[in-house]
Amino acid sequence: MTNPLQDLSGEGVAVWLDDISRERLRSGNLQELVDQRNVVGVTSNPTIFEKALKEGDAYDDQLRDLAVRGVSVDEAVRAITAYDIRWGADLLRPVYEATGQVDGRVSLEVDPRLARETERTVAEARALWWLVDRPNLLIKIPATLEGLPAITQALSEGISVNVTLIFSLERYRQVMDAFLAGLEQAAENGHDLSRIQSVASFFVSRVDAEVDKRLAAVGTDRALELRGRAAIANARLAYQAYEEVFGSERFKALAAQHASPQRPLWASTGVKDPAYDDTRYVTQLVAPGTVNTMPEATLEATADHGVITGDTVRGAYAEARADLDALAEVGVNYDDVVAVLEDEGVEKFEKSWNDLLSRVSQQLGDAG
């Protein structure tokens, strides 16, 4: 029998889980996914933590202690999330060692309310890096314009970074430039580049959701034919840019100092339109040196009926460019789409963070 997730790993795609919870950790479920589902990394976000806190009693003891201590809600959130991330990092430490410190990574996000504030983002990244204190941690920093110098600064200090909320090809190139600048400064600062890792989280399904809505509004036969093609085309062209940048002389100079490339990470890979195949953002984005972080439903769908046919990215650049050009021809403005998605992404992350604060505040009150 074929094992699609094993096939995916064999093609050079790192399988990560887009979820964490204390119940998943204490029950042994995450370890099972590592052992049986080829999972080699974990990403988190405020929505994931808020959902985890709503379910079960895994956080009750810590919440009670935090309530007794009278800590602020912000401090409680840091303590709760850092506990889970530290545990997840320890669980994945053998993967980290076995993969030469490339995988076995767990991501924790800076407060998204700071997405437009460079200096505070850097300070928060430093604080979280110190608080979790695990070498296989990735600090998530959003790819806003204000986030770009924060990414460079964090990397220059030896902090490994997951750059999140990337939607556009132009911004992705800016992210790669920020990464290279960060490593160059890290080398000047005397850091061991082999210990610094980074991924660039390029969002996928949200692009189709926004573009398909606009195509439906146009309503012509040609426009409707283009539904479901924008996100995969966008991601494939991002990989083309990745090949170009990390094949450059600038990166080769860093590679000579044992630097690893910043891997493209396909994020938001759960299908939002039920009319689409539920594994499309996995099977159609297979390329070496990438990461695909999946919600559990997508992970299980891929394990059950995903069909991995080899590299589905590198031979499709011309088709991808034609698809994006066709969107412009029917009146869908790419630049506006990605600008809207970035603004909405920041707003959604802020709302999720506020929901998490409200949840913790409520449960601290109940515990007290």
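Residues numbered from 1 in each chain as written. Predicted model: local features only at pLDDT ≥ 70, side-chain atom pairs only at ≥ 80, totals over all residues. Heavy atoms only, no water.

Considering unusual backbone geometry
- In this structure, Asp 133 is a non-glycine residue whose phi angle is positive, near 55°.
- Of note, Asp 133 is situated in the loop between α8 (118-132) and β4 (137-142).
- On the basis of relative accessibility, which here comes to 55%, the residue Asp 133 falls in the exposed class.
- Although it is not a glycine, His 258 adopts a positive phi angle of roughly 75°.
- Here His 258 shows up in the loop between α14 (249-255) and β7 (263-267). (Helix = DSSP H or I, 4+ residues; strand = E, 2+ residues; numbered from the N terminus. Buried < 20%, exposed > 50% of the residue type's maximum accessible area, 1.4 Å probe, protein only.)

Considering the sheet that holds β7
- One closed barrel accounts for eight strands, arranged β1-β2-β3-β4-β5-β6-β7-β8; its pairing is parallel. Taken pair by pair, the neighbouring strands of this sheet meet at an average axis angle of 30°, ignoring direction.
- Two elements, strand β1 (residues 13-17) and strand β2 (residues 39-42), share three bridges in a ladder whose sense is parallel. Pairing of Leu 17 across the sheet is with Val 42, part of β2.
- Most of the contacts of helix α6 (residues 73-91) go to strand β3 (residues 105-109), to which it runs at about 165°, and overall it touches β3 and β4. (Pairing = 2+ DSSP bridges. Axes fitted to C-alpha atoms, helices over the stretch in contact; angles between N-to-C directions. Contact = heavy atoms within 4.5 Å.)

Quick word on the pattern of salt bridges
- If you walk through the whole model with that rule in mind, you get 37 salt bridges.
- Across the pair Arg 359 and Glu 50 runs a salt bridge, and its minimum N-O distance is 3.6 Å. Of this pair, Arg 359 sits in helix α18 (residues 334-367) while Glu 50 is found in helix α4 (residues 46-54), placing the two residues 309 residues apart along the sequence. Residue Arg 359 shares its accessibility class with Glu 50, and that shared class is buried.
- Sharing partners across several salt bridges, the network here consists of Arg 116, Glu 146, Arg 171, Glu 342 and Asp 343. (Salt bridge = Lys/Arg side-chain N within 4 Å of Asp/Glu carboxyl O.)

Some points on the packing of aromatic side chains
- Within the structure shown, the criterion is met by eight aromatic pairs.
- Both rings, one in Phe 246 and one in Phe 251, keep their centres 5.0 Å apart while their planes meet at 80°; by these two values the pair is edge-to-face.
- Put simply, the rings of Phe 179, Tyr 239, Tyr 242, Phe 246 and Phe 251 pair up and form one aromatic cluster.
- Of note, Arg 280 hangs over the ring of Tyr 276, and the distance from its end group to the ring centre comes to 4.4 Å. (Phe/Tyr/Trp six-rings, centres within 6.5 Å; stacked < 30°, edge-to-face > 60°. Lys NZ or Arg CZ within 6 Å of the ring centre and 35° of its normal.)

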